[in-house]
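# Summary of structural features
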Amino acid sequence: MMPFEQSNYWLTTTAMPAGTPGEVPASADVAVIGAGFTGLAAARALGKRGARVVVLESNTIGWGASSRNGGMVLTGLKLSPKTLAERYGLDMARQMYAGSLSAIDLVEQIVREESIDCDFSRCGHLEVASKQSHFDSYARAVEFLASEFRHQRKIIPRHALKEEIGSSLYFGGILDETSAGANPARYLAGLARAALGRGAVIYENAAVRQIERTTRGTDRGFAVHTDRGSLFVRDVLVGTSGYTKAVTQDLQKKVIPIGSFIITTERLPDSVAHELSPRNRMIFDSKHFLHYYRLTPDNRMLFGGRAAFFPETKHTIASSARILGRAMVEVFPQLRNTPIAYAWGGTLDFCFDTMPHAGVIDGLHFALGYAGHGVAMATYLGSKMAERILGSREEIPYASIPFPGMPLGRYNGRPWFLAFAGAYYKVLDWIS
Ligand SMILES: Cc1cc2nc3c(=O)[nH]c(=O)nc-3n(C[C@H](O)[C@H](O)[C@H](O)COP(=O)(O)OP(=O)(O)OC[C@H]3O[C@@H](n4cnc5c(N)ncnc54)[C@H](O)[C@@H]3O)c2cc1C
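Residues numbered from 1 in each chain as written. Predicted model: local features only at pLDDT ≥ 70, side-chain atom pairs only at ≥ 80, totals over all residues. Heavy atoms only, no water.

## Let's talk about the site of the ligand
Note the following rule: For this purpose, a residue is taken to be near a molecule or strand whenever a single non-hydrogen atom of the residue falls within 4 Å of it. Distance and chemistry together define a polar contact, namely a pair of N or O atoms within 3.5 Å, with one atom able to donate a hydrogen and the other to accept it when in protein, and with adjacent residues in sequence counting only for side-chain atoms on both sides. Note that accessible areas follow from Shrake-Rupley with a 1.4 Å probe, and for residues the cover is restricted to the protein chains shown. Put simply, DSSP H or I for four residues or longer makes a helix, DSSP E for two residues or longer makes a strand, and each gets a number counted from the N terminus. Three classes are used: nonpolar for Ala, Val, Leu, Ile, Met, Phe, Trp, Tyr, Cys and Pro, charged for Asp, Glu, Lys and Arg, and polar for all others, with Gly counted as polar.
Residues in close proximity to the ligand total 38 residues, the closest being Thr38, Glu57, Ser66, Met72 and Ser241. A distance of 2.5 Å separates an oxygen atom of the ligand from a polar side-chain atom of Ser66. Here a nitrogen atom of the ligand sits 2.8 Å away from a polar atom, N or O, in the main chain of Met72. Protein burial of the ligand: of its 1000 Å² of free accessible surface, 98% is covered by the chains. Sort the elements by how many residues they give to the shell around the ligand and strand β16 (residues 340-351) lands first, with four residues. The residue inventory of the shell around the ligand, partitioned by class, reads 16 nonpolar, 19 polar and three charged.

So this is what it looks like as structure tokens:
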């Protein structure tokens, strides 16, 4: 394999706005921890309503998963509608599914309202069947979604798949034309500018080290201690997802950080790009250890997967790039001689029930657990939690379900069991 840069391609397409200089202010209404989609969507919504909001970020704006992802803005959650209905009942499952659709609408609305130039487009997503048995299950799934959730998807039989994808590897597909695609780093930068424009301040290199309950006069709130000073706030919103640390330990114990990795090729000639993805869909396959891929707006093939399971390091990125490069050529032999230009990794946030969660823990508001569906859902739950902080009593389906920790044994946020989980999913892909 040719040498490639270990860096995030999306960051070459935009500049993040500068953070706020100086020490954090002595007080504010709300401290938001994390400058990703969750934190910045919340900061924008809070700022819009006149709240004094301070965003505290350990690294730089958009440093986390929000600038590193595939930019797929997908309908539904990680769990299938059928599983949601079996687990939570049909009514609640419908609310959850509807929430995923509202989340995409919200991204679209923010992009329009804030004039964010991020190539947002309702290009649709395509799930491709890696096995005949997977394709055989599609008809029932599509029917269930249509009859019980009033959401239409379309079955693409194997013989018609070439109109959707230039690969002969798959047994057919499901198309959902409501899903969208975007350049996540440009969207993130736009969201940060929007939050700043609504009066929020964003402090970079301001890791939150300690949070204490305290009072100031008659006001009850929190003293938040950061690398750039301390402040008193009435409310805190934690938006740290896969990067949640021991400073919010009870939350950290409920999140499993899982690595996901992406490569992008050099720019492809228009004719090749068109052959690989004639309708420019957001594509993923039906395996547990799945691959997801799409064209970038400048015609690179972006190809991702959970190649290593462990979070990103120089080593896991290098080995994942090799694994993903081979997998990409299996899907698209046309790319056999196309150099890989960039490879990077990021950390996904899975909860033990594979569901997003929002609510209050130890007095702190939070939203996380997006399980690879965070572009839209983090925007949505960040905005919804901001409204909650401002007094809204609107029901949020993901806030009223049980939030389980590790089913057996003790867990301190270091996922020792991932190696076993990785092997388990590989076996499942082999036998199912
Ligand atoms: C490789 C990859 C591909 C993905 N692809 C997709 C996709 O195509 N579609 C999709 O919908 N989702 C995808 N996701 C998931 C999606 O990117 C995330 O769910 C989403 O970005 C989470 O946003 P967030 O704001 O909650 O967290 P992040 O963007 O991860 O931000 C959390 C921030 O919190 C900061 N932080 C942590 N602790 C502290 C502290 N103590 N003090 C201050 N700051 C702190 C971190 O520095 C970080 O910047 C992908 C994720 C990865 C990693």
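Resuming the write-up.
## Some words on the pattern of salt bridges
For clarity, the cut-off: What counts as a salt bridge is simple: a side-chain nitrogen of Lys or Arg found within 4 Å of a carboxyl oxygen of Asp or Glu.
Under the criterion given, the structure shown has 23 salt bridges. When the shortest N-O distance is used, the salt bridge between Lys384 and Glu394 registers 3.0 Å. In this pair, Lys384 sits in helix α9 (residues 374-389) while Glu394 sits in the loop between α9 and α10 (418-431), placing the two residues ten residues apart along the sequence.

## Details of empty space enclosed by the protein
Just so we agree on the cut-off: Method remark: on a 1 Å grid restricted to protein atoms, a set of points is classed as a cavity if a 1.4 Å probe fits but cannot get out and as a pocket if it is open with protein on both sides within 12 Å along at least five of seven lines; lining residues have an atom within 4 Å of a point. Grid points are joined across faces, edges and corners, and a volume is the space filled by probe spheres set on the points.
Under the defined criterion, the tally for this structure stands at one cavity of 30 Å³ or more. Computed from the structure, the largest cavity encloses a volume of approximately 70 Å³. Met72, Val73, Leu74, Gly76, Leu77, Ser100, His373, Gly374, Val375, Ala376 and Met377 are the residues that line the largest cavity. Secondary-structure elements contributing two or more residues to the lining of the largest cavity are β3 (72-73) and α9. If one sorts the elements of the lining of the largest cavity by residue count, α9 sits on top with four residues. Among the residues forming the lining of the largest cavity, the class breakdown is seven nonpolar, four polar and no charged.

## Details of the side chain of Ser277
Under the convention used in this document: Only protein chains enter the calculation, and the probe is 1.4 Å; a residue is then buried if its accessible area is under 20% of its type maximum, exposed if over 50%, and partly exposed in between.
Its place among the elements puts Ser277 in the loop between α7 (270-276) and β13 (282-285). Note on Ser277: relative accessible area 5%, which makes it buried. A distance of 3.4 Å separates a polar atom in the side chain of Ser277 from the backbone nitrogen of Arg281.

## Some points on the sheet that holds strand β14 (residues 291-295)
We apply this condition: Strand pairing follows a simple DSSP-based rule, namely that at least 2 bridges must link the two strands. Simply put, an axis is a line fit to the C-alpha atoms, just over the touching stretch for a helix, and the angle between two N-to-C directions goes from 0 to 180 degrees.
Ordered in space as β5-β6-β4-β13-β14-β15-β12-β16, the eight strands form an open sheet in which the pairing is mixed. Of all strands in the sheet, those bounded by a partner on one side alone are β5 (154-157) and β16. Neighbour-to-neighbour, the strand axes of this sheet turn through a mean angle of 20°, independent of strand direction.

## Some points on the packing of helix α3 (residues 90-113) against α9
Packed helices, taken two at a time, are described by their axes: the angle between them and the distance between them. To keep it simple, the criterion reads: Working definition: roughly parallel below 35 degrees, roughly antiparallel above 145 degrees, roughly perpendicular at 65 to 115 degrees, and oblique for all remaining angles. Two residues qualify as a contact provided that any one of their heavy atoms is within 4.5 Å of a heavy atom in the partner residue.
Interhelical geometry of α3 versus α9 gives an angle of 85° and a closest axis separation of 8 Å. By the angle class used here, α3 and α9 are roughly perpendicular. When α3 is examined against α9, the residues Gly99, Ser100, Ser102, Ala103, Ile104, Leu106, Val107 and Ile110 are found in contact with a partner set consisting of Val375, Ala376, Met377, Thr379, Tyr380 and Ser383. Broken down by class, the residue content of the contact of α3 with α9 amounts to nine nonpolar, five polar and no charged.

## Concerning the nonpolar core
What counts here: Remark: nonpolar core denotes a set of buried residues (Ala, Val, Leu, Ile, Met, Phe, Trp, Tyr, Cys) joined through side-chain atoms within 4.5 Å.
The biggest cluster of nonpolar side chains holds 62 residues, and the ones touching the most others in it are Val73, Met96, Phe120, Tyr187, Met355, Leu381 and Tyr398. Broken down by secondary-structure element, the contributors of at least two residues to this core are β1 (27-33), α1 (37-48), β2 (53-56), α2 (81-88), α3, α4 (132-149), α5 (184-197) and α9. Looking at which element gives the most residues to this core, the answer is α3, with ten residues. Met355 has contacts with Leu77, Leu79, Leu84, Arg87, Tyr88, Met96, Leu368, Gly369, Tyr398 and Ile401, leaving out every residue within four places of it along the chain. In terms of nonpolar packing, the next biggest core, distinct from the first, is built from 28 residues, Tyr293, Ala321, Leu335 and Ile340 among them.

## Focus on the environment of Ile155
Mapped onto the fold, Ile155 is located in strand β5. Excluding residues that lie within four positions of it along the chain, Ile155 makes contacts with Phe135, Tyr138, Ala139, Val142 and Gly173.

## Some words on the packing of aromatic side chains
Spelled out, the test is: Side-chain rings of Phe, Tyr and Trp, where Trp is taken by its six-membered ring, are said to pair if the distance between their centres is within 6.5 Å; with planes under 30 degrees apart they count as stacked, over 60 as edge-to-face, and otherwise as tilted. Two limits define a charge over a ring: the Lys NZ or Arg CZ must be within 6 Å of the ring centre, and within 35 degrees of the ring normal.
Scanning the model with the defined rule gives ten aromatic pairs in all. Seen in terms of ring centroids, Phe144 and Phe149 are 5.7 Å apart; in terms of plane orientation they differ by 55°. Their pairing is tilted. Assessed through its relative accessible area of 11%, Phe149 is described here as buried. Aromatic ring contacts, followed pair by pair, group Tyr9, Trp10 and Tyr342 into a single cluster. Across the ring face of Trp63, the terminal group of Arg68 is positioned such that the distance to the ring centre comes to 4.7 Å. One residue, Arg158, lies across the ring of Phe171, its end atom 4.5 Å from the ring centre.

## Things to note about the pairing of strand β4 (residues 125-128)
In β4, alternate side chains face the same way, and those of His125 and Glu127 on one face and Leu126 and Val128 on the other are all buried. As paired strands, β4 and β13 are joined by four bridges and run parallel to one another. When the bridges of β13 are listed, Leu126 appears paired with Ile283.

## Digging into unusual backbone geometry
Notably, Asn205 is not glycine yet its phi reads approximately 50°, a positive angle. Tracing the chain through its elements places Asn205 in the loop between β8 (201-203) and β9 (208-216). Phi is positive for Ser241, close to 40°, though the residue is something other than glycine. Inspection of the secondary structure assignment puts Ser241 in the loop between β11 (229-238) and α6 (249-252). For Ser241, a relative accessible area of 14% gives the class buried.

## Considerations on the pairing of strand β12 (residues 255-265)
Counting buried residues along β12, eleven of its eleven residues qualify, which places the element largely inside the surrounding structure. Residues Val255, Pro257, Gly259, Phe261, Ile263 and Thr265 line one face of β12 and the alternating positions Ile256, Ile258, Ser260, Ile262 and Thr264 line the opposite face, and both faces are buried. Relative to β16, β12 runs antiparallel, the two being bridged by eleven bridges. By the bridge assignment, Ile258 is partnered in β16 with Leu348. As paired elements, β12 and strand β15 (residues 301-305) share four bridges and run antiparallel to each other.

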